[in-house]
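In case you want the letters, here they are:
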Amino acid sequence: MIDELHDFDIVIVGATGDLALRKLIPALYYRCRDGQLAADGRILGASRANLDRNGYIAMLEDAGERFIPAEHREADEWRRFLARVDYTSVDAFDCESYRDLAMKLSEYPDRVRVFYLSTGSKLFAPVCRCLHELDLITPQSRVVLEKPVGEDLVSSRDINEQVLDCFDEEQVFRIDHYLGKEPVQNLMVLRFGNTMFESLWHQTYIDHIQITVAENLGVEGRAGFYDHTGALCDMVQSHLLQLLCIIAMEPPPSIDADVVRDEKLKVLRALRPLRGRDIDKYVVRGQYQAGAVNGHPVPAYVDEPGVARQSETETFVALRANIDSWRWAKVPFYLRTGKRLARQVSEIVVQFKDVPHSIFGESDISANRLTIRLQPKEEISLLLSGKRIGTGMTVRDLELNLEEDHRGVDHVPDAYERLLIDAIGGRATLFVRRDELAAAWQWIQPITERWKEKGGRPDHYVSSTWGPTAAASLLARDNREWDAGSD
Ligand code: BG6
């Protein structure tokens, strides 16, 4: 289906930052190449850097070489793409400095305007205030906010309130790029495009669910942000809770933005709050130590450039969550995420219960397991039982693998490609609503408070392992273990 093309101006605030160069510019290039951007649509970079258009284009030439494979960067296409780009230097706090941008925008007052704030969330309110003061916010304008919005419930609420003094909620697009990932959307289709899963998607048949987002990279030059954020607020509060919502929500009547978001909100509100000692018991935090990745030594987190020597920031979290609802009563959700883990893998494991009674005597029958792997490769596999060939009646594991067929697909769109197109088109289903965000922070907050109150450093783990031993114990205590597929 080809969407209607909207005439647009997209203003990227923070245009010289890592996210803009690594993700947003390549994403816009691919969509331009594939004819999904209106011919006259402009991309206006804005940042503090004192550059002119040529200086910014030179920066994009370099980013193009680094982040877009040569076979996808046809010279003509790339040139046509760069022709859309302009640059203006602004100081987020000084509204006078937005005059040049205002003049450029005033050439097309009726276009869709997307202000993409690819900056730390402390700048969201001042930027919005200036856009408002200079009358740059038209009814066709939208603002895209990068995650995390704020660093706790209060700061997130404050920022949202100030943004909403300038924009209506329908104009605010809060990014969680996991929602734009192809396999995450496929997960919705798997759940709601098949009859067979829904009847089993229930505490009667499901034993527990695991969500793992493991990275083998370290903090990678982002210490300034990461050291005061940590894995809980960087990853669990957003990506992991969003995945949990999609796995756990009731079937929404449609994929309209508010209908889906209403269902996700119900899940977040039904999450059983963790308090006091339960946090000590059910939440594990870890920090990576020196080790080796592919035979090359890597430093401990506290020895990474920009990280405080005494840093207590967690680079790993594993926790047990429960959803208090009829569907999910007594079904634990185990979540884990971390940097410098043994492997780069994101997956969701739906572990079904054992057969109630085995008629096959001594044979061990594995319980069914549905594994939805999001990264590095999109795969879905279903563990079933089958008969071992022979005269006896021995049961064996049978793995049904559904690998996405990428033949003929030269490029799978990155999450940001889809999200940018949706933001331009005004489709908000894959963006987080204010109340969802508040509910997620509300659930996370007692954990951060408990850690602050107790102090102490996170458990250590050696780089390239699966995190502190306490993470394994979290499941072992419940007679379970993390999915072997990620070992
Ligand atoms: C970001 C986090 O939101 O997601 C990073 O800030 C993390 O710390 C990244 O590395 C992971 O995203 P992806 O798409 O590479 O799994």
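Owing to the predicted nature of the structure, the values given are computational and were not obtained by experimental measurement.

**Here we look at the nonpolar core**
If you look at the biggest cluster of nonpolar residues, it comprises 154 residues, and the most contacted ones within it are F81, F167, F333 and L370. It is helix 10 (residues 230-248) that provides the largest number of residues to this core, a total of 13 residues. Among residues more than four places away in sequence, those in contact with F81 are I25, L28, Y29, C32 and I43.

**Looking at helix 4 (residues 99-106)**
Taken together, the buried positions of helix 4 are occupied by L101, A102, K104 and L105. Summarising the axial view, the buried residues of helix 4 lie within an arc of 165 degrees, below the 170-degree limit, and thus occupy one face. Among the structural elements, strand 1 (8-13), strand 2 (42-47), strand 3 (85-89) and strand 4 (112-117) are those in contact with the buried residues of helix 4.

**Overview of helix 5 (residues 124-133)**
Among the 10 residues of helix 5, 7 are classified as buried, and the element is accordingly described as predominantly covered. Within helix 5, burial applies to F124, A125, P126, V127, C128, C130 and L131. Structurally, helix 5 contributes buried residues whose contacts are with strand 1, strand 4, strand 5 (141-145) and helix 6 (153-164). Just beyond helix 5, the residue with positive phi is D135, at close to 60 degrees.

**Observations regarding unusual backbone geometry**
For the bond running from K147 to P148, omega is -10 degrees, close enough to zero to count as cis. As for its position among the elements, P148 is in the loop between strand 5 and helix 6. In this structure, P376 follows Q375 across a cis peptide bond, with omega equal to 0 degrees. For P376, the position within the fold is in the loop between strand 13 (369-375) and strand 14 (379-387). Here K330, not a glycine, exhibits a phi torsion of approximately 65 degrees, which is positive. Summarising the element assignment, K330 is placed in the loop between strand 10 (316-321) and strand 11 (333-338). For K330, a relative accessible area of 76% corresponds to the exposed category. Positive phi, close to 60 degrees, is recorded for N479, a residue that is not glycine.

**Digging into the site of the ligand**
Taken together, K147, H177, Y178, K181, E215, R222, D234, M235, H239, K339 and Q375 make up the full set of residues adjacent to the ligand. Residue H177 places a side-chain N or O atom 2.8 Å away from an oxygen atom belonging to the ligand. Between Q375 and the ligand, the recorded distance is 3.1 Å, taken from a side-chain N or O atom to an oxygen atom. Relative to its unbound accessible surface of 400 Å², the ligand loses 79% to contact with the protein.

**Details of the packing of helix 6 against helix 14 (residues 434-454)**
Across the interface, helix 6 lies against helix 14 with an axial gap of 9 Å and an inter-helix angle of 165 degrees. Comparing the axis directions of helix 6 and helix 14 gives the class roughly antiparallel. Classified by chirality, the crossing of helix 14 by helix 6 is left-handed. Across the interface between the two elements, L153, S156, N160, E161 and L164 from helix 6 touch R434, L437, A438, W441, Q442 and Q445 from helix 14.

**Observations regarding the packing of aromatic side chains**
As enumerated under the stated definition, the model contains 13 aromatic pairs in all. Judged by centre distance (6.5 Å) and plane angle (65 degrees), the ring pair of F115 and F167 falls under edge-to-face. Highlighted residues: F115 in strand 4 and F167 in the loop between helix 6 and strand 6 (172-175), separated in sequence by 52 residues. With respect to burial, F115 and F167 carry one shared label: buried. On the numbers, 5.6 Å between centres and 75 degrees between planes, the contact of Y288 with Y301 is edge-to-face. With a gap of 13 residues between them, Y288 in strand 8 (residues 283-293) and Y301 in the loop between strand 9 (296-298) and strand 10 connect regions that are remote in the sequence. Taking relative accessible area as the criterion, Y288 reaches 0% and is therefore assigned buried. Assessed through its relative accessible area of 0%, Y301 is described here as buried.

Definitions and cut-offs
- Residues numbered from 1 in each chain as written.
- Predicted model: local features only at pLDDT ≥ 70, side-chain atom pairs only at ≥ 80, totals over all residues.
- Heavy atoms only, no water.
- Core = buried A, V, L, I, M, F, W, Y, C linked by side-chain atoms within 4.5 Å.
- Buried < 20%, exposed > 50% of the residue type's maximum accessible area, 1.4 Å probe, protein only.
- Helix = DSSP H or I, 4+ residues; strand = E, 2+ residues; numbered from the N terminus.
- Contact = heavy atoms within 4.5 Å.
- Arc of directions from axis to C-beta.
- Near = heavy atom within 4 Å.
- Polar contact = N/O pair within 3.5 Å; in protein donor to acceptor, adjacent residues only side chain to side chain.
- Areas by Shrake-Rupley, 256 points an atom, 1.4 Å probe, with all protein chains shown as cover.
- Axes fitted to C-alpha atoms, helices over the stretch in contact; angles between N-to-C directions.
- Parallel < 35°, antiparallel > 145°, perpendicular 65-115°, else oblique.
- Left-handed = near helix turned anticlockwise from the far one by under 90°.
- Phe/Tyr/Trp six-rings, centres within 6.5 Å; stacked < 30°, edge-to-face > 60°.

All we've got here are geometric facts, nothing functional implied.
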